[in-house]
Amino acid sequence: MKVIIETSSRVPVYQQIVTQIREGIARGLIQVGERLPSVREMSRDLVVNPNTIAKAYTELERQGILNTRPGLGVFAAQPRSELLHDIRSERLKEGIDRLLTEAVHLGFNREEVIRLIEDRSRAFQWDHSSTPAKKNRRD
Amino acid sequence: MEWIIETEGLTRFYGHQKVVDTVNLRIPRGCVYGLLGRNGAGKTTLIKMLMGVIFPDRGRIRIRGKDFSELSPDWRQNVAYMPEGHPLFGWMTVQGAVDFSRSFYPAWNNDLVLRLLDHFKLPLKKRIRSLSRGQRAQAALALAVAPDPDVFILDDPTLGLDTVVRREFLESLIQIIQRSGRTILFSSHILGDVERIADRIGILVDGVLRVDCSTEQFKESLRKVVLEVFWNTSMLARHSWLVGAKSGSSRCELVIAGYNETHRAQLEVLAPCRIVEIEMNLEDAFIEYTRSSNNSVHLLFEEHSPGGAK
Amino acid sequence: MRMALVKKEISELFYPGLIALAVLLFQVGLLTHWSFLTRVPLFSLFKIHLGELASVPFQDGRMHTGLALVGGALLACMAFWQTLAAERQGTFPFLLHLPFSRVELFLTKMIAAMGVYFPVLLAPVLVYGWWASVPGHHPSPFDWSMLDRPFWLIFSLPILYFTWMIIYLLQGINFGMRLLPLVTATFLMFVCFDFSLWWLWRFLLIVLIEAALILVICNLAEERDF
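Residues numbered from 1 in each chain as written. Chains lettered and ligands numbered in written order. Predicted model: local features only at pLDDT ≥ 70, side-chain atom pairs only at ≥ 80, totals over all residues. Heavy atoms only, no water.

Draft legend 1. Representation of the overall build of chain A within the structure. The number of helices and strands found in chain A is five helices and three strands. Its helices and strands taken in sequence order, chain A reads α-β-α-α-β-β-α-α from the N to the C terminus. Buried positions account for 29% of the 139 residues belonging to chain A. Nonlocal contacts in chain A, meaning residues at least 24 apart in sequence, comprise 48% of its contacts between residues at least 6 apart. Only carbon and sulfur atoms are counted for the fraction: they give 54% of the accessible area of chain A, which is about 9600 Å². (Helix = DSSP H or I, 4+ residues; strand = E, 2+ residues; numbered from the N terminus. Buried < 20%, exposed > 50% of the residue type's maximum accessible area, 1.4 Å probe, protein only. Contact = heavy atoms within 4.5 Å. Areas by Shrake-Rupley, 256 points an atom, 1.4 Å probe, with all protein chains shown as cover.)

Structure below.
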């Protein structure tokens, strides 16, 4: 996956990297467990100060999206499941509510929204192991 | 924190004009500092003073904690300085320039120079004067890197380079930054470059250092706020946090530094019918800051965070 | 380390020096009516017309005039190159960043200039002297002591260079200062050719002036903006 930096954007560079990597993992462009370029490599490729990359990685690690294995590199982490299911679904509901509010004001009806969600979701990578029945297979 | 460069109240006049006005600059080890400003804002004068090429009228400079007057001439051996326009001796060949510079530095890394010159595809036999601007910048960079300095002071290194060469130059610069502990101060008026490369930015406006904070903080703290009001906006008081204001009959655009809840509360007192907050990109923010005629404008300073430097 | 700097300065002054040398040798050629060339194997094949050598070598002042004009021009040109031209090209920040003090830098510049100047002016005088010393070249008597006037001139002429350096370093500060080389040149004429002064006094006077000018240059270099 290629991160694209827009210097004319309003979003700080490190934030751009965070957003794009998050999205890349969600869409399956970066597989779980895949090694990401090191800070040096990415800094060279993007022509961005290594401190900025490091800051983005730290932020992603804080969010549980990446983890660093010392000596090995930075890897895309398993989607977080350490949070309680309730908390996660609370967070998701907030996002869905925002989306639905927008949809209502844009004049969509319920069926159209569901169909669109169905449509778009095909572009994303879903973690099948999170259903209880398949949980053991992951190990 | 170890300060590589510190200035205290640095002031310089040209005639009656204050070109650099009471600048307090502190750059810690490992920091990449981007100095921004319009032409004639005092960037080159400031850098020349730091390098001892010209002298301040007032104020002090400390390099690595040592007062300027106490430094012996060989302090320059581990400070690379690329003056504006990359002056080299035109009659020398590239090889000649390498041999010339080499004789002054005990820690000269000739392999590195040759590798860089090869990477830049600079012919050793060619005369400096027949190189293009970009090639001369590259030659100057190769010569600056060779003595393995840990401080780089670059005065508008990408001035006059075309987009491709500029990008290549930045790529080389990134490689330099990657060696940890290297401190870089560079001036530029290309904001994109500064945003990519710099940890911290400073903005000089008419010789005054108006902004000195991390690049992100600068970007995040400036907001354009559009107020729609019934009253005539010209009565708007000048606040120190107001960077710029444009007002029409019922609408006014404010640019605010360090925007926070207090500002919002203060604006709401004015009872506008609508307040719209817009984030600004670096370029807009820079333009607002540098063209502001408000001399009491909020000076955006942020303390160096201990974790900020490498 | 310092040698590299001397070498660089000398190579920058090489062409002006070469031109000055060529002009002076040409003048020697004219003064001797090229007769010295008959001693060079290849040239002896050509029958070069030897005109009348009316005057006594070194005594008619023609050599001095040439030395003063060419030497003065060379010195002005060198001083110009080492200060103003370097400033225009923006190379001073580069030079000043080398691990030398400013005084060292300027002393090196001056040493290099003198290293070019003395050979360029002395060589033609010696060639002319050698020619004059060989019997049969000219009808008048000759003694090596007749060379003392050109030597005095060559020795005192660098005062012009130092004053030019000062002028260039002070550029734009005071218009009146630009007349300084003229003043010193006039002064030189008096000192150099005032043979009523005992030679040691003359020598000391010139050394003193030159030392004072060098001191001023070092001071200016220390305090000036580049």
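Draft legend 2. The arrangement of the side chain of C:E9 in detail. Residues and elements named next belong to chain C. Locating E9 in the fold gives a position in helix α1 (residues 2-31). E9 gets classed as buried once you look at its relative accessible area, which sits at 0%. Residue contacts for E9: discarding those within four places in its chain leaves Q82, L95, K109 and A112.

Draft legend 3. Main features of a negative patch on the surface. Where like charges cluster on the molecular surface, the negative patch consists of A:D45, B:D162, B:E168 and B:E171. In this structure, B:E171 sits in helix α5 (residues 163-178). According to the relative accessible area criterion, B:E171 is partly exposed, its value standing at 35%. (Patch = residues over 30% accessible without salt bridge, like charges linked within 9 Å, V, L, I, M, F, W, Y side chains within 5 Å. Salt bridge = Lys/Arg side-chain N within 4 Å of Asp/Glu carboxyl O. Lys, Arg positive; Asp, Glu negative; His and termini not counted. Charge placed at Lys NZ, Arg CZ, Asp CG, Glu CD.)

Draft legend 4. Structural context of the sheet that holds strand β1 (residues 35-36) of chain A. Residue and element names in this part refer to chain A. On the basis of which strands lie adjacent, the open sheet formed by three strands has the order β1-β3-β2 and antiparallel pairing. Every other strand in the sheet has two partners, leaving β1 and β2 (66-69) as the edge strands with one partner each. Inspection of the sheet shows β2 paired to strand β3 (residues 73-76) by four bridges, in the antiparallel sense. By the bridge assignment, R69 is partnered in β3 with G73. Helix α3 (residues 50-62) contacts β1, β2 and β3 of the sheet and is inclined by roughly 110 degrees relative to β2. (Pairing = 2+ DSSP bridges. Axes fitted to C-alpha atoms, helices over the stretch in contact; angles between N-to-C directions.)

Draft legend 5. Main features of the interface of chain B and chain A. Taken together, the contact pairs 24 residues of chain B with 20 residues of chain A. With both chains or domains summed, chain B and chain A bury close to 1900 Å², and 47% of this area falls on carbon and sulfur atoms. Of all residues in chain B, B:Q178, B:R196 and B:E216 bury the most surface against chain A, accounting for 36% of the area lost on that side. Note that B:E216 and A:K55 form a salt bridge whose closest N and O atoms lie 2.4 Å from each other. The set of elements that each furnish at least two residues to the side of chain B that touches chain A consists of α5, α6 (191-197), α7 (215-221) and β15 (274-279) of chain B. Sorting elements by how many residues they give to the side of chain B that touches chain A places α5(B) first, with seven residues. (Buried area = accessible area lost by both parts, 1.4 Å probe.)

Draft legend 6. Local environment of helix α4 (residues 133-145) of chain B. Residue and element names in this part refer to chain B. Over its 13 residues, α4 runs 18 Å from end to end, which matches the ideal 18 Å to within 8%, given 1.5 Å per residue. With 10 of its 13 residues buried, α4 lies for the most part within the structure. Packing partners of the buried residues in α4 comprise β7 (79-82), α2 (94-102), α3 (110-119), β8 (151-154) and α5. (Expected span 1.5 Å × (residues − 1).)

Draft legend 7. A look at the pairing of strand β12 (residues 223-228) of chain B. Residues and elements named next belong to chain B. With five of six residues buried, β12 is to be regarded as a mostly interior element. By the bridge criterion, six bridges tie β12 to β15 in an arrangement that is antiparallel. Within the sheet, the bridge partner assigned to E228 lies in β15 and is R274.

Draft legend 8. Spatial organisation of unusual backbone geometry. Residues and elements named next belong to chain B. Although it is not a glycine, K121 adopts a positive phi angle of roughly 60 degrees. Note on placement: K121 falls in the loop between α3 and α4. K121 gets classed as exposed once you look at its relative accessible area, which sits at 67%. You will see that D148, though not glycine, has its phi angle at about 55 degrees, which is positive.

Draft legend 9. Up close: the side chain of B:T158. Along the polypeptide, B:T158 turns up in the loop between β8 and α5. Contact partners of B:T158, with chain neighbours within four places excluded, come to B:R166, B:F169, B:L170, B:S188, B:I190 and B:D193.

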